[in-house]
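One-letter residues, chain by chain:
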Amino acid sequence: MDQITNVMGYQAIAKEKLPKMVYDYYASGAEDQWTLQENRNAFSKILFRPRILIDVSKIDITTTFLGFNISMPIMIAPTAMQKMAHPEGEYATARAAAAADTIMTLSSWATSSVEEVASTGPGIRFFQLYVLKDRNVVAQLVRRAERAGFKAIALTVDTPRLGRREADIKNRFTLPPHLTLKNFEGLDLGKIDKTDDFGLTSYVSSQTDQSLNWNDVEWLQTITHLPILVKGVLTAEDARLSVQAGAAGIIVSNHGARQLDYVPATIMALEEVVKAAQGRVPVFLDGGVRRGTDVFKALALGASGVFIGRPVLFALAAHGEAGVRKVLQMLRDEFELTMALSGCRSLKDITRDHILTPWDAPRVVPKL
C-alpha cells in the first residue's frame, strides 16, 4: 500500500484484481462516455489564485451538515453492490467512514442491508433511495432505514430509466449469484418471477418509476421525518424547484456520467445551482473528485462539501477497509495542504476569489 501516493493509484490495482464484468460496471459511463471524461477534465480548467503571507500554522477543516459535525467536507457517495469489489463490501466502507468521522451514503442497491451496515458500530449514515413503482415498497425501505438509525434520505432523481451503459450490455452484466440486493430481502414485494435466476435484481431494475415527479418529493416528506436531499440536479431551474419542494439539500450529480451523456461535468454545473439555491439549502458536489485540489475548487464555487464514489470502490477492491481509509486520509491531507498554500485557515476563508474559471470575466486590477 505504501507505493500508492494518490487516489488514482487504486484504479489500476482494481482493474487487475476484479473480473472484467465487475470492473467495467464500476468504471464505465453512458454511451460515448464524454461526460465521464469531462467530470475529471473540467477540474483542470479551474486555476487557483492563492493568497500569501497568511498565518496557516493552524487549519480547521471540520464542518457541520444537517446539524452533524464531521471531520472534513468529504463524504462517501452511494455506490451499488460493493461486495462485488470486496467480500466485506459496505461493511468495510461503513467502518472506514466512521473511522474518518465522516458520512457514508448507502445505496438502495447495496449488497449489505441497512441493519447490517448499522451493526458495524456508530457512524453518521444516509440512505440513497430510488422511488419504485410500488410505493408500499418505498415506504418499507424508508422505514427500515429510519429504524436502523440512518439520518437522511438521498433521493436519486435522474433515473426515470437506466442510462445506456454499453460495457454492461457487451458483458451481459448480472449480479454474481452469491450476492443479493439485501435491502429488498424481507420486504413485501408482491409477485416476483421465481423462475428468473436473477429474480430480485430483475425485479428492482424493472421497478424504476418513470412517472416520478416533484409531487413525489413532497409525498416522501409525509412518510418520513428524515431530511431529504435531492440528488441529480444540474440546472438552476431544478435547484429552485428542489427548494420549493422542501428539500433539505441539493446534490449536484450526473450519476457518475452513467445516465445522460453530454451533460456538463458536475463542477461546471455547480455554480449555476448554488446561485439558484440562494443559500436556502446547502449544495453538494458529486462526480469526478480525485484530488484535494478538486475539493477546494468545489467549495470555492459554493459547495458545502463533496461526495466521492468510484475512488471508494477501487480502493475497496484493492485493499478493503484499509484502502478506503487511505483514500479518505489522502484526500483530507491534500485538501488541507491546498488550503494552506491558498492562504485559508478554515472553510469559511475559501472564497470565489481563490479560483479562476474559464467563464470568468477579465479581472480589473485596482490601481495602487
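About the thresholds
Residues numbered from 1 in each chain as written. Predicted model: local features only at pLDDT ≥ 70, side-chain atom pairs only at ≥ 80, totals over all residues. Heavy atoms only, no water. UniProt positions renumbered as here; feature names shortened; annotations may be inferred. Core = buried A, V, L, I, M, F, W, Y, C linked by side-chain atoms within 4.5 Å. Buried < 20%, exposed > 50% of the residue type's maximum accessible area, 1.4 Å probe, protein only. Helix = DSSP H or I, 4+ residues; strand = E, 2+ residues; numbered from the N terminus. Contact = heavy atoms within 4.5 Å. Pairing = 2+ DSSP bridges. Right-handed = clockwise from strand over helix to strand, strands pointing away.

Looking at an unreviewed UniProt entry, one finds the protein chain named (S)-2-hydroxy-acid oxidase, with Rhododendron simsii as its source organism. The Cofactor (unreviewed entry) comment attached to the protein chain in UniProt states, word for word, "FMN".

Further remarks concern the nonpolar core. Grouped together as the largest cluster of nonpolar side chains are 108 residues, with contacts concentrated most on Leu129, Phe184, Ile267, Leu270 and Phe335. Ranked by residue count, the leading element in this core is helix α13 (residues 310-342), at 14 residues. Aside from chain neighbours lying at most four places away, what touches Leu270 is Val252, Val283, Leu285, Ala298, Leu301 and Ala303. Residues Ala77, Ala154, Ile251 and Phe284 belong to the second largest nonpolar core, which totals 13 residues.

By the criterion of burial, strand β7 (residues 152-156) is predominantly enclosed, with five of the five residues buried. Where strand β6 (residues 125-129) lies against β7, four bridges are found, and the strand directions are parallel. Of the residues in β7, the one forming a bridge with Phe126 is Ala152. On the question of chirality, the crossover connecting β6 to the parallel β7 by way of helix α6 (residues 135-147) is right-handed. Sheet topology places β7 next to strand β8 (residues 228-233); four bridges connect them, and they run parallel. Counterpart to Leu155 in the pairing with β8 is Val230.

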